[in-house]
Amino acid sequence: MKIDRLLAMTILLLNRERISASALAERFEVSTKTIYRDIETLCRAGIPIVSHQGMSGGFELMERYTIGRQMLSPGEIEALRAAVKGAASVLDDQTFADLADKVQALLGGGTEGRGPGVIFDLNAWSGHASTRDRVECLRQAAREALRVEVRYLNMNGKESRRLLEPAMLLMKGGIWYLQAYCLLRKEFRIFRLSRMLELRETGEPFIPKAAPAIDTYEWNDDWDSMPRIAVSLRFCAEVRLRVTDTFEASLMTELENGCVRIAGDFTMDEWFYGMLLSYGDRVTVESPLVIAEELVRRARRIVESYAGIVHADQRMDSQKENVLQPSNNVDMGMSAF
């Protein structure tokens, strides 16, 4: 509908400095002539849109023009409140709590009768306080432009000490990452917080550098150079719940007796083999055979690593039995007595 397009176009202009007619036409799947007519309609409605000519031309709103509360529906304000409360749940910052209260005030009271909503709680059920402390430490370092030193464990299991200039924190897939300029590598890098074995505030100031937009990062194949191969796994019904929590539903096929088959492409790394071993005899590798052979080798090494301990324990138990068991002479003497 035209009214929906006009409203969406207004929101888009509010969130951008300038956008061309062709970009708007592509975004809303209409002709550029339609876009010009829409812009004219918005101008007649009192929205101050400025047009610029030339190669870098386009449309933009006049400075300091903001959207009014009446342009937001109660459902949209409720969605905004939920998002702000989600940020407040994981960041120890009163700013987000205060903002959530202000957005709630826009709703004009409680939320009863608005239908099912959405709650964003970015904390895990078993979250650790250390994660929040680390996030707060890095946020403050980025805000005050202070360097931090970390002892970092990279994806290959190698440790190194890094002096970092924090720029931005990112939560992706429930995992915290830090975008920072690494003085060792002389470039901006992404660091996973869980792999920071130590984190120390140095108090050393730095001049912030222009960091690449963090929302434009894409997966780099160099981060995981190991090949992925097709794998088929069969899990017993007893571990179905855990399998459901671990693997994507698209990889899962339900079998007879409640068993589950997982079929997909996986990287044969330490995590993969460790995960399979953790299921014990509740998983069967259907293909390829090389995975089953590697599991057998690893299982044998585990048994061998405990063999000496078990044998020593058995010898100690045997010695205790010999000490506690009376000899024949003692038995005879006691009988005679």
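Scroll up for the structure.
Given the structure is predicted, the values throughout are model-derived calculations rather than measurements.

**Student:** Would you mind showing me how to read the overall build of the protein chain here?
**Tutor:** When you go through the protein chain residue by residue, the secondary structure sums to ten helices and eleven strands. Here the contacts in the protein chain between residues at least 6 apart in sequence split such that 56% fall between residues at least 24 apart.

**Student:** For this particular structure, what's the right way to read the sheet that holds strand E7 (residues 196-205)?
**Tutor:** By definition, the strands of a sheet pair up through backbone hydrogen bonds, in either a parallel or an antiparallel sense. Strand order in this open sheet of five strands is E6-E5-E4-E3-E7, and the pairing throughout is antiparallel. Looking at strand neighbours, the two that pair on one side only are strand E6 (187-192) and E7, the edges of this open sheet. The sheet shows a mean angle of 45 degrees between the axes of neighbouring strands, taken without regard to direction.

**Student:** In this structure, what is going on with the packing of helix H2 (residues 21-28) against helix H3 (residues 32-44)? I would like to understand it.
**Tutor:** In a pair of packed helices, the angle between the axes and the distance between the axes together describe the arrangement. Two numbers describe how H2 lies on H3: the axes approach to 8 Å, and their chain directions differ by 105 degrees. Here H2 is positioned roughly perpendicular relative to H3, judged by the angle of their axes. On H3, the residues that touch Ala21, Ser22, Leu24 and Ala25 of H2 are Thr32, Ile35 and Tyr36. A per-class count over the contact of H2 with H3 returns five nonpolar, two polar and no charged.

**Student:** What should I look at first to understand helix H8 (residues 270-278) in this one?
**Tutor:** The α-helix winds at 3.6 residues per turn, so residues separated by three or four positions along the chain end up facing the same way. Along H8, the residues that are buried comprise Phe272, Tyr273, Met275 and Leu276. Projection of H8 onto a plane perpendicular to its axis shows the buried side chains occupying an angular sector of 160 degrees, all on one side. Opposite the buried face of H8, at more than 90 degrees from it, the exposed residues are Glu270 and Trp271. Where H8 terminates, the next one or two residues include Gly280, which has phi positive at roughly 60 degrees.

**Student:** What is the right way to look at the sheet that holds strand E8 (residues 228-235) in this model?
**Tutor:** The four strands lie next to each other as E9-E10-E8-E11, forming an open sheet whose pairing is antiparallel. Of all strands in the sheet, those bounded by a partner on one side alone are strand E9 (252-254) and strand E11 (283-287). Averaged over all pairs of adjacent strands, the angle between strand axes in this sheet comes to 25 degrees, irrespective of strand direction. In terms of strand pairing, E8 meets strand E10 (residues 260-267) through eight bridges, oriented antiparallel. Residue pairing across strands places Val231 opposite Gly264, the latter belonging to E10.

**Student:** Can you walk me through the pattern of salt bridges in this structure?
**Tutor:** Pairs can form between side chains of opposite charge whenever their charged atoms are close. Within this structure, the stated rule accounts for 19 salt bridges. One salt bridge in this structure joins Asp38 and Arg5, with 2.6 Å as the shortest N-O distance. Within this pair, whereas Asp38 is found in helix H3, its partner Arg5 is found in helix H1 (residues 2-14), the two being separated by 33 residues in sequence. One exposure class covers both Asp38 and Arg5, and it is buried. When the shortest N-O distance is used, the salt bridge between Arg147 and Glu204 registers 2.5 Å. Of this pair, Arg147 sits in strand E3 (residues 146-153) while Glu204 sits in strand E7, and the two are 57 residues apart along the sequence. A residue is classified by how much of its surface remains accessible, and Arg147, at 17% relative accessible area, is buried. For Glu204, a relative accessible area of 34% translates into the label partly exposed. Through salt bridges with shared partners, a single ionic network connects Arg147, Glu165, Glu204 and Lys209.

**Student:** Got a minute to help me understand H2 in this structure?
**Tutor:** Of the positions making up H2, those classed as buried are Ala21, Leu24, Ala25 and Phe28. End-on, the buried residues of H2 take up no more than an arc of 100 degrees, which puts them together on one face. Away from the buried face of H2 by more than 90 degrees, exposed residues Glu26 and Arg27 are located. Backbone geometry just downstream of H2 places Glu29 in the positive-phi region, at approximately 60 degrees.

Cut-off values and rules
- Residues numbered from 1 in each chain as written.
- Predicted model: local features only at pLDDT ≥ 70, side-chain atom pairs only at ≥ 80, totals over all residues.
- Heavy atoms only, no water.
- Helix = DSSP H or I, 4+ residues; strand = E, 2+ residues; numbered from the N terminus.
- Contact = heavy atoms within 4.5 Å.
- Pairing = 2+ DSSP bridges.
- Axes fitted to C-alpha atoms, helices over the stretch in contact; angles between N-to-C directions.
- Parallel < 35°, antiparallel > 145°, perpendicular 65-115°, else oblique.
- Nonpolar A, V, L, I, M, F, W, Y, C, P; charged D, E, K, R; others polar.
- Buried < 20%, exposed > 50% of the residue type's maximum accessible area, 1.4 Å probe, protein only.
- Arc of directions from axis to C-beta.
- Salt bridge = Lys/Arg side-chain N within 4 Å of Asp/Glu carboxyl O.

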